[in-house]
Amino acid sequence: MSRRPAVPEIDFVARRRAPGWLGWLALALGCAAAAFAAERYDTLGGQVEAQRADNRRAARAAEQARVLARRDQEDAGLRTRLDVARTLSLQMARDWQPLFADLEALAGKHADVALLSVEPDAARGLLRVTGEAKDLNALFAYAESFADASSLAAPRIEVFEFKQREGMQVVAFSLRLNWRRA
């Protein structure tokens with residue numbers, strides 16, 4: 001009988017055990033820390049981008065202000081034109097509400113007069129009113145009623161003429177008024 005020698009087991013790698021609860025806990029904590037770090041990175045990236053956009057806007061505004069300031073200092077002609085424009089703007093800044101209130105109140109009192117147009121010249125303080133009246137007496141009564149108006153004064157009839165409208169004779173007129181500051 002032949003005896004054979006036993007086959008040696010050549011296994012140099014140790015067998016692994018299944019991970020325990022401590023390993024799973026370490027894995028979960030690592031995943032949570034990685035998720036928190038990724039979310040924080042994303043949030044901070046958005047804040048950095050918003051701050052960069054704010055810085056770009058502020059830099060553009062500062063550059064525009066610097067250019068305008070330098071241009072104002074260098075160009076005396078521009079400075080005088082701007083002063084004239086500011087003065088004209090202040091002259092034209094009038095209170096329109098009293099004007100319309102006066103015109104509306106007088107229109108209610110004088111049913112024989114119809115206004116066709118109102119042309120304000122705020123820079124010179126004049127108002128031109130064109131319209132039609134039933135007769136000359138209605139026109140004169142309308143013009144005299146501006147003595148009670150708070151924002152309008154000194155009515156002057158510039159032009160009037162008799163016209164035929166739908167078989168009736170009417171008086172077409174143009175009236176100029178001084179527009180007082182409120």
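Rules used throughout
- Residues numbered from 1 in each chain as written.
- Predicted model: local features only at pLDDT ≥ 70, side-chain atom pairs only at ≥ 80, totals over all residues.
- Heavy atoms only, no water.
- Salt bridge = Lys/Arg side-chain N within 4 Å of Asp/Glu carboxyl O.
- Helix = DSSP H or I, 4+ residues; strand = E, 2+ residues; numbered from the N terminus.
- Buried < 20%, exposed > 50% of the residue type's maximum accessible area, 1.4 Å probe, protein only.
- Patch = residues over 30% accessible without salt bridge, like charges linked within 9 Å, V, L, I, M, F, W, Y side chains within 5 Å.
- Areas by Shrake-Rupley, 256 points an atom, 1.4 Å probe, with all protein chains shown as cover.
- Phe/Tyr/Trp six-rings, centres within 6.5 Å; stacked < 30°, edge-to-face > 60°.
- Core = buried A, V, L, I, M, F, W, Y, C linked by side-chain atoms within 4.5 Å.
- Contact = heavy atoms within 4.5 Å.

A full pass over the atoms with the stated rule returns six salt bridges. Asp-54 is paired through a salt bridge with Arg-57; the nearest N and O atoms lie 2.3 Å apart. Here Asp-54 pairs with Arg-57, and both are found in helix α1 (residues 21–74), just three residues apart, close to one helical turn. For Asp-54, a relative accessible area of 37% gives the class partly exposed. According to the relative accessible area criterion, Arg-57 is partly exposed, its value standing at 46%. With a shortest N-O distance of 3.6 Å, Arg-176 and Glu-158 are connected by a salt bridge. Of this pair, Arg-176 sits in strand β4 (residues 168–179) while Glu-158 sits in strand β3 (residues 152–165), placing them 18 residues apart in sequence. Beyond isolated ion pairs, a larger network of salt bridges with shared partners links Arg-128, Glu-158 and Arg-176.

Turning next to a nonpolar patch on the surface. On the surface, a cluster of nonpolar side chains totalling about 500 Å² of accessible area is made up of Trp-21, Leu-22, Leu-25 and Leu-29. Positionally, Leu-22 belongs in helix α1.

The next thing to look at is the packing of aromatic side chains. Applying the stated criterion across every chain, the model contains two aromatic pairs. Measuring from centroid to centroid gives 6.3 Å for Tyr-142 and Phe-173, while their planes differ by 55°, and the two rings are tilted. Here Tyr-142, found in helix α4 (residues 136–144), pairs with Phe-173, found in strand β4; they are 31 residues apart in sequence, far enough to count as distant. The pair formed by Tyr-142 and Phe-173 is uniform in burial state, with each residue classed as buried. Aromatic pair Phe-160 and Phe-162: ring centres 6.2 Å apart, planes at 90°, arrangement edge-to-face. For Phe-162, a relative accessible area of 44% gives the class partly exposed.

Quick look at the nonpolar core now. In terms of nonpolar packing, the biggest core is built from 20 residues, with Tyr-142, Phe-146, Leu-152 and Leu-175 touching the most fellow members. Those elements that place two or more of their residues in this core are α3 (96–109), β2 (126–133), α4 and β4. Beyond its immediate sequence surroundings of up to four residues, Phe-146 is in contact with Leu-103, Leu-106, Leu-152, Pro-155, Leu-175 and Leu-177.

Another aspect to go through is the side chain of Ser-174. By secondary structure assignment, the location of Ser-174 is in strand β4. Residue classification places Ser-174 among the buried residues on the basis of a relative accessible area of 12%. Not counting chain neighbours up to four residues away, the residues in contact with Ser-174 comprise Arg-128, Val-129, Thr-130, Arg-156, Ile-157, Glu-158 and Val-159.

To continue, consider unusual backbone geometry. Notably, Glu-166 is not glycine yet its phi reads approximately 50°, a positive angle. Of note, Glu-166 is situated in the loop between β3 and β4. Given a relative accessible area of 83%, Glu-166 falls into the exposed group.

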